[in-house]
Amino acid sequence: MEKGMLLYEGKAKKVYATDDPEELIVSYKDDATAFNGQKRGTIEGKGAINNRMSNALMQLLEREGIPTHYLRELNERETLVRRVRIVPLEVIVRNLSAGSFAKRYGVEEGIPFCAPTIEFSYKNDALGDPLLNGYHVVALSLATPAELETIKRYSFQINDVLKAFWASCGVTLVDFKLEFGRLPDGSIVLADEISPDTCRLWDSRTGKKLDKDRFRRDLGGVEDAYREIMDRLTQKLEAAE
Ligand code: ADP
Ligand code: MG
């Protein structure tokens, strides 16, 4: 598959055209940003880790019946995906309180919820990704009511699969962000990435953070944490072979 024109350079990935208009190549960078791009840095080795982790998790989800954009890993940093029209929403699923949720509602971090929660933000950097409810999503025509139902259903299914997988690695899936897109036939698939950049992952025993919060909060050991979480996943997948 030939890498064509650079279509878009985002904060964490570059997106290239291919000779097939329905396929794209995503290339994962080591660049890290936080707080809507106000904090910038580099996490050595992150691009390769996020690429491999996201691909492994998307293949796991496909096996569980959730459609994704994943097609084929091309090399350490690059993956061939199905081109979608992105639904401009960040879909956040939470199992325990943390981050903006804890701040917004004035609760401690790490409180387990009796049932998972979902929330949406409008994927719009200029506006700072403002929070939206389902009515706002429909009012702004960001998704139809039917698409929104599909997105919610997939999101909770994805949570069930990922929560169980990470638990088997000794890791608590605290929360995560998803993006969905539309295929040419209008069907909804999971797109973008699932990685330590987009998930909160805590060691189940010690509570140690193994995700981008180490970068956001200057906790140190960022590269080691990314390597550790990738090792946990790799060991699990190898044991399952
Ligand atoms: P951002 O800075 O917006 O987070 P990223 O660095 O994560 O961007 O780059 C990925 C960009 O590509 C995002 O805008 C994301 O929505 C988009 N994207 C992800 N998967 C696909 C896909 N399968 N088809 C089209 N666009 C995609
Ligand atoms: Mg992104």
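Note: the structure precedes this text.
Residues numbered from 1 in each chain as written. Chains lettered and ligands numbered in written order. Predicted model: local features only at pLDDT ≥ 70, side-chain atom pairs only at ≥ 80, totals over all residues. Heavy atoms only, no water.

*Asks:* Any chance you could explain the sheet that holds strand 7 (residues 78–82) here in plain terms?
*Replies:* Across a sheet, strands are paired by hydrogen bonds formed along the backbone, either parallel or antiparallel in direction. Taken together, five strands build an open sheet; the order of strands is 1-2-3-7-6 and the sheet is antiparallel. The open sheet has two edge strands, strand 1 (6–9) and strand 6 (70–73), and neither has a second partner. Each strand of the sheet is rotated relative to its neighbour by a mean of 25°, with strand direction disregarded. In this structure, strand 6 lies alongside strand 7, joined through three bridges in antiparallel fashion. For E73, the partnering residue across the bridge sits in strand 7 and is T79. Contacts from helix 1 (residues 46–63) reach strand 3 (23–28), strand 6 and strand 7, with the element oriented near 135° to strand 6. (Pairing = 2+ DSSP bridges. Helix = DSSP H or I, 4+ residues; strand = E, 2+ residues; numbered from the N terminus. Axes fitted to C-alpha atoms, helices over the stretch in contact; angles between N-to-C directions. Contact = heavy atoms within 4.5 Å.)

*Asks:* Hey, could you run me through the site of ligand 1 in this one?
*Replies:* What surrounds ligand 1 is a group of 17 residues, the closest being K11, A12, K13, H69 and E179. One of the side-chain nitrogen or oxygen atoms of Y8 is found 3.4 Å away from an oxygen atom of ligand 1. Contact between ligand 1 and E179: an oxygen atom at 2.6 Å from a side-chain N or O atom of the residue. Alone, ligand 1 offers 550 Å² of accessible surface; in the complex the protein occludes 90% of this. Secondary-structure elements contributing two or more residues to the shell around ligand 1 are strand 2 (13–17) and strand 7. For the shell around ligand 1, the residue count by class is eight nonpolar, two polar and seven charged. (Near = heavy atom within 4 Å. Polar contact = N/O pair within 3.5 Å; in protein donor to acceptor, adjacent residues only side chain to side chain. Areas by Shrake-Rupley, 256 points an atom, 1.4 Å probe, with all protein chains shown as cover. Nonpolar A, V, L, I, M, F, W, Y, C, P; charged D, E, K, R; others polar.)

*Asks:* Honestly, the layout of surface pockets in this entry has me stumped. Any pointers?
*Replies:* A water-sized probe rolled over the atoms picks out the places where empty space is left. By volume, the second largest pocket amounts to about 300 Å³. What lines the second largest pocket is a set of 17 residues, and nearest its centre among them are A56, Q59, R63, L233 and L237. Listing elements by their share of the lining of the second largest pocket, those giving two or more residues are helix 1, strand 6 and helix 6 (222–240). The element contributing the most residues to the lining of the second largest pocket is helix 6, with seven residues. The residue inventory of the lining of the second largest pocket, partitioned by class, reads eight nonpolar, three polar and six charged. Each of domain 1 (3–82) and domain 2 (85–240) contributes no fewer than three residues to the lining of the second largest pocket. (1 Å grid on protein atoms, 1.4 Å probe; cavity = no way out; pocket = protein on both sides within 12 Å on 5 of 7 lines; lining within 4 Å. Points joined across faces, edges and corners; volume = space filled by probe spheres on them. Domains from an automatic or database assignment.)

*Asks:* I keep staring at the packing of helix 4 (residues 145–168) against helix 6 and nothing clicks. Help me out?
*Replies:* Angle between the axes and distance between the axes: these two values describe a pair of packed helices. The interhelical angle for the contact between helix 4 and helix 6, taken along N-to-C directions, is 95°, at an axis separation of 9 Å. For the element pair helix 4 / helix 6, the angle class is roughly perpendicular. Across from F165, W166 and S168 in helix 4, the residues of helix 6 making contact are I229, L233, K236 and L237. Each residue belonging to the contact of helix 4 with helix 6 can be placed in one class, and the counts come to five nonpolar, one polar and one charged. (Parallel < 35°, antiparallel > 145°, perpendicular 65-115°, else oblique.)

*Asks:* What should I look at first to understand a nonpolar patch on the surface in this one?
*Replies:* Nonpolar side chains collect at one region of the surface, where Y105, V107, I111 and L131 lie side by side and expose about 340 Å² of accessible area between them. Topologically, Y105 is positioned in helix 2 (residues 99–105). Look at Y105 and you get partly exposed, because its relative accessible area is 47%. (Patch = residues over 30% accessible without salt bridge, like charges linked within 9 Å, V, L, I, M, F, W, Y side chains within 5 Å. Salt bridge = Lys/Arg side-chain N within 4 Å of Asp/Glu carboxyl O. Buried < 20%, exposed > 50% of the residue type's maximum accessible area, 1.4 Å probe, protein only.)

*Asks:* Sorry if this is basic, but what is going on with the pairing of strand 2 here?
*Replies:* Looking along a regular strand, one sees the side chains alternate between the two faces of the sheet. Counting buried residues along strand 2, four of its five residues qualify, which places the element largely inside the surrounding structure. The sheet contact formed by strand 1 and strand 2 spans three bridges and is antiparallel. In the strand pairing of strand 2, E9 is matched with K14. Here strand 1 folds back onto strand 2, and the loop between the two strands holds three residues. Bridge count for strand 2 against strand 3 is five bridges, and the pairing is antiparallel. Bridge pairing in strand 3 places K14 opposite S27. Adjacent in sequence and paired antiparallel, strand 2 and strand 3 are bridged by five residues.

Purely geometric numbers; function is a separate question.
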